[in-house]
Each structure stands twice: as structure tokens, then as C-alpha cells.
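In case you want the letters, here they are:
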Amino acid sequence: MTHSFDEAIALTPDGSGSVTARSHPDWANMVGPYGGVTAAVALRAVLEHPEVQGRPAALTVNYLAPIAEGEYTLTAVPVRTNRSNQHWTITATQEGKTLLTGTALFAQVRETWSDTEADFPQVPPPAEVAPRPGALPLPWLNRYEMRVIDGEIPEGPEQARADSATQQWFRHAEPRGWDFPALASACDVFFPRIFLRTGERAPAGTVSFTAYFHAGAEELAAQGEYLLGVAQGSRFGHGLFDQAAQIWGESGDLLATTHQLVYYK
């Protein structure tokens with residue numbers, strides 16, 4: 001059987017140089033698809049392009065409007081290629097309307113000096129953290145098993161916090177390995193930080209999302225089931241807040257860092 005994530009990011013060439021994707025009910029969010037799976041689709045449009053070179057290094061997606069149920073079209077264009085990297089633009093349209101714009105950077109793998117300054121958080125292993133109960137209200141939430149260490153979704157204003165930090169282990173609810181599209185989707189597994197600060201679930205949605213990929217394909221394929229996500233906002237105001245996050249492997253390898261700007265009421 002095909003994994004529901006792979007069904008959700010499946011692409012079909014349309015004969016004009018673009019590809020067609022289709023929204024998937026398993027990955028629905030409050031309005032339109034879960035933003036992480038949309039980012040994964042955008043990245044895959046580049047990964048499957050015949051002119052692609054190198055591996056994903058960065059992806060930015062701007063969500064202009066919700067994608068409606070059904071088919072939509074993605075167009076990935078290589079803007080510039082040199083010996084070190086390759087730059088792309090990405091757009092998604094549906095019924096003549098542009099719903100997504102983005103860019104991607106692909107880089108050639110080079111052996112250089114390396115180090116990680118960020119520290120792997122001191123957290124209990126996944127087996128020691130209880131999973132969030134199933135049958136959650138949004139379909140995409142049930143596509144991951146999440147084990148929240150700290151910073152769970154609050155139940156009301158009395159649970160408002162002085163910070164918006166969350167730490168959580170997560171894995172695919174249906175077993176699946178980790179690759180670049182799955183990692184792109186994983187960068188968006190966090191609920192809006194404004195919920196933690198106010199204790200209230202105000203309408204909110206990502207406007208702009210960026211992921212930086214620090215691991216190669218082999219390192220991702222070697223990861224275990226669980227990844228660790230750590231997220232926190234920086235500033236809230238004027239209906240917008242930012243969020244910075246890190247995605248770690250169980251081994252302590254930093255796989256991705258991500259930033260996004262979120263609208264809220």
C-alpha cells in the first residue's frame with residue numbers, strides 16, 4: 001500500500017513543463033491542506049524536475065491563499081545554476097489563481113570543515129514520553145504520533161504561559177522513512193505559538209515558511225522513527241508573530257532549522 005504522505009505529494013506531469021498535485025483528505029487543516037505537506041509538494045516539484053542538480057539546502061514558501069479541494073498546478077523554474085548551487089522559483093495555481101510562491105536552493109555536496117554550535121536538548125527519550133491521544137480534530141494531526149515533552153496546546157486562558165517554547169518527539173503514524181519532502185513537512189508540525197502565550201486558540205495561519213536542510217539524503221535515510229522538534233516565537237504584535245524551530249534526529253544530529261511568519265487574529 002502507498003503511504004498517505006506519498007499519495008499527498010504525488011505529482012503528475014501536465015505536458016506543459018508543470019506538474020499537477022491533488023489535495024488529500026488525510027492532510028487537511030482548518031482551511032485547506034496542512035502547510036507542511038504543501039511545502040513538501042513544492043519541494044518535490046523541484047526534486048522531480050529533469051534539470052535539478054544537487055540536494056535541497058533551503059526552501060521558502062509563501063502561502064497566498066488556501067488551496068481548495070481538488071487538483072492544482074505547480075511550476076518549478078531553474079533561475080540560475082553554477083558549480084556550487086542552483087536557484088529555483090516555484091508557483092502553485094488553481095483555477096487561474098496563484099496560491100503559492102516560493103524559492104528553493106539546491107547545493108552540490110562538498111566535503112568541508114563542519115561543526116554544530118546548537119546543543120541537542122536534554123530531553124527524555126521517546127519511550128518515556130506519553131503520546132498525544134489519537135482521534136484529534138484536524139486530519140493532519142492524526143498523521144503524526146506526537147509526544148509532547150513541554151509546551152502542549154493549552155486548554156484555556158488560565159494555561160497561558162510566559163514563553164511559547166515547545167519540545168516534542170514525533171514520528172509518522174504509519175511507519176515511513178525520512179527524506180527531504182518528509183523533513184520539509186516535519187518543519188511545520190508545531191501549533192501556533194500564540195496559543196501558548198494567550199491560552200486561546202485564535203484563528204492563525206502561516207504566511208511565509210522557510211526551512212534550511214543541514215542533512216544529506218543518506219543521513220536522513222539512516223534516521224530512526226522519531227525526530228525531536230523544538231520551537232519558540234520571538235515577537236508577537238500587529239497580528240503577526242515569528243517562530244524559530246529546530247528538527248533533530250534521535251542520534252543528536254541537527255537535521256533542519258526553520259523559521260516562519262504567522263498571521264493571527
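Note: the structure precedes this text.
The shown structure was predicted, so the numbers you read here are calculated from the model rather than taken from an experiment.

Reading the values: the criteria
Residues numbered from 1 in each chain as written. Predicted model: local features only at pLDDT ≥ 70, side-chain atom pairs only at ≥ 80, totals over all residues. Heavy atoms only, no water. Helix = DSSP H or I, 4+ residues; strand = E, 2+ residues; numbered from the N terminus. Contact = heavy atoms within 4.5 Å. Polar contact = N/O pair within 3.5 Å; in protein donor to acceptor, adjacent residues only side chain to side chain. Buried < 20%, exposed > 50% of the residue type's maximum accessible area, 1.4 Å probe, protein only. Pairing = 2+ DSSP bridges. Patch = residues over 30% accessible without salt bridge, like charges linked within 9 Å, V, L, I, M, F, W, Y side chains within 5 Å. Areas by Shrake-Rupley, 256 points an atom, 1.4 Å probe, with all protein chains shown as cover. Salt bridge = Lys/Arg side-chain N within 4 Å of Asp/Glu carboxyl O. 1 Å grid on protein atoms, 1.4 Å probe; cavity = no way out; pocket = protein on both sides within 12 Å on 5 of 7 lines; lining within 4 Å. Points joined across faces, edges and corners; volume = space filled by probe spheres on them. Nonpolar A, V, L, I, M, F, W, Y, C, P; charged D, E, K, R; others polar.

Regarding the environment of tryptophan 248
Turning to step 1, where the next piece is worked out: Following the sequence through the fold, tryptophan 248 ends up in strand β11 (residues 240–249).
Turning to step 2, where the next piece is worked out: Through-space distance from the C-alpha of tryptophan 248 to that of leucine 141 is 20 Å; in sequence the pair is 107 residues apart.
Turning to step 3, where the next piece is worked out: Setting aside residues no more than four positions away along its own chain, tryptophan 248 makes contact with Ala118, Asp119, Phe120, Pro121, Leu227, Leu228, Val230, Asp253, Leu254 and Leu255.
Turning to step 4, where the next piece is worked out: A distance of 3.0 Å separates the side chain of tryptophan 248 from the side chain of glutamine 246, its partner in a polar contact.

Some words on unusual backbone geometry
Most peptide bonds take the trans form, and the phi angle of most residues other than glycine is negative.
Turning to step 1, where the next piece is worked out: Although it is not a glycine, glutamate 95 adopts a positive phi angle of roughly 55 degrees.
Turning to step 2, where the next piece is worked out: By the secondary structure assignment, glutamate 95 is in the loop between β5 (85–94) and β6 (97–107).
Turning to step 3, where the next piece is worked out: One non-glycine residue, histidine 238, adopts positive backbone phi at about 60 degrees.
Turning to step 4, where the next piece is worked out: By the element assignment, histidine 238 lies in the loop between β10 (227–237) and β11.

Regarding the pairing of β5
Turning to step 1, where the next piece is worked out: Because side chains alternate across β5, one face comprises the buried residues Gln86, Trp88, Ile90, Ala92 and Gln94, and the other comprises Asn85, His87, Thr89, Thr91 and Thr93, none of which is buried.
Turning to step 2, where the next piece is worked out: Here strand β4 (residues 71–81) folds back onto β5, and the loop between the two strands holds three residues.
Turning to step 3, where the next piece is worked out: Where β5 meets β6, ten bridges bridge the pair, whose relative direction is antiparallel. Looking at the pairing, threonine 93 lines up with threonine 98 of β6.
Turning to step 4, where the next piece is worked out: Linkage of β5 to β6, two consecutive antiparallel strands, is achieved through a turn of two residues, within which glutamate 95 is found at a positive phi near 55 degrees.

Considerations on a nonpolar patch on the surface
Turning to step 1, where the next piece is worked out: Residues Val207, Leu240, Leu261 and Tyr263 make up a contiguous nonpolar surface patch of roughly 290 Å² in combined accessible area.
Turning to step 2, where the next piece is worked out: On the secondary structure map, valine 207 appears in strand β9 (residues 204–213).

Describing the pattern of salt bridges
Turning to step 1, where the next piece is worked out: Going through the model one piece at a time under the given rule, you end up with twelve salt bridges.
Turning to step 2, where the next piece is worked out: A salt bridge links arginine 44 to glutamate 48; its shortest N-O distance comes to 2.6 Å.
Turning to step 3, where the next piece is worked out: For arginine 44, a relative accessible area of 22% puts it in the partly exposed group.
Turning to step 4, where the next piece is worked out: For glutamate 48, a relative accessible area of 42% gives the class partly exposed.
Turning to step 5, where the next piece is worked out: Measuring nitrogen to oxygen at the nearest pair gives 3.0 Å for the salt bridge that ties aspartate 179 to arginine 176.
Turning to step 6, where the next piece is worked out: For aspartate 179, a relative accessible area of 28% puts it in the partly exposed group.

Quick look at empty space enclosed by the protein
Where empty space is left becomes clear once a probe the size of a water molecule has been rolled over the atoms.
Turning to step 1, where the next piece is worked out: Applying the stated criterion across every chain yields a total of two cavities of 30 Å³ or more.
Turning to step 2, where the next piece is worked out: Counted as a void, the largest cavity has a volume near 60 Å³.
Turning to step 3, where the next piece is worked out: Considering the residues around the largest cavity, the lining is formed by Ala8, Arg22, Ser23, His24, Trp27, Pro33, Val37, Thr38 and Tyr72.
Turning to step 4, where the next piece is worked out: Here the lining of the largest cavity is built from residues that sort into five nonpolar, three polar and one charged.
Turning to step 5, where the next piece is worked out: In this structure, the second largest cavity is lined by Arg171, His172, Pro175, Arg176, Trp178 and Glu225.
Turning to step 6, where the next piece is worked out: A class-by-class count of the residues in the lining of the second largest cavity yields two nonpolar, one polar and three charged.

Spatial relationships are all this shows, so hold off on functional conclusions.
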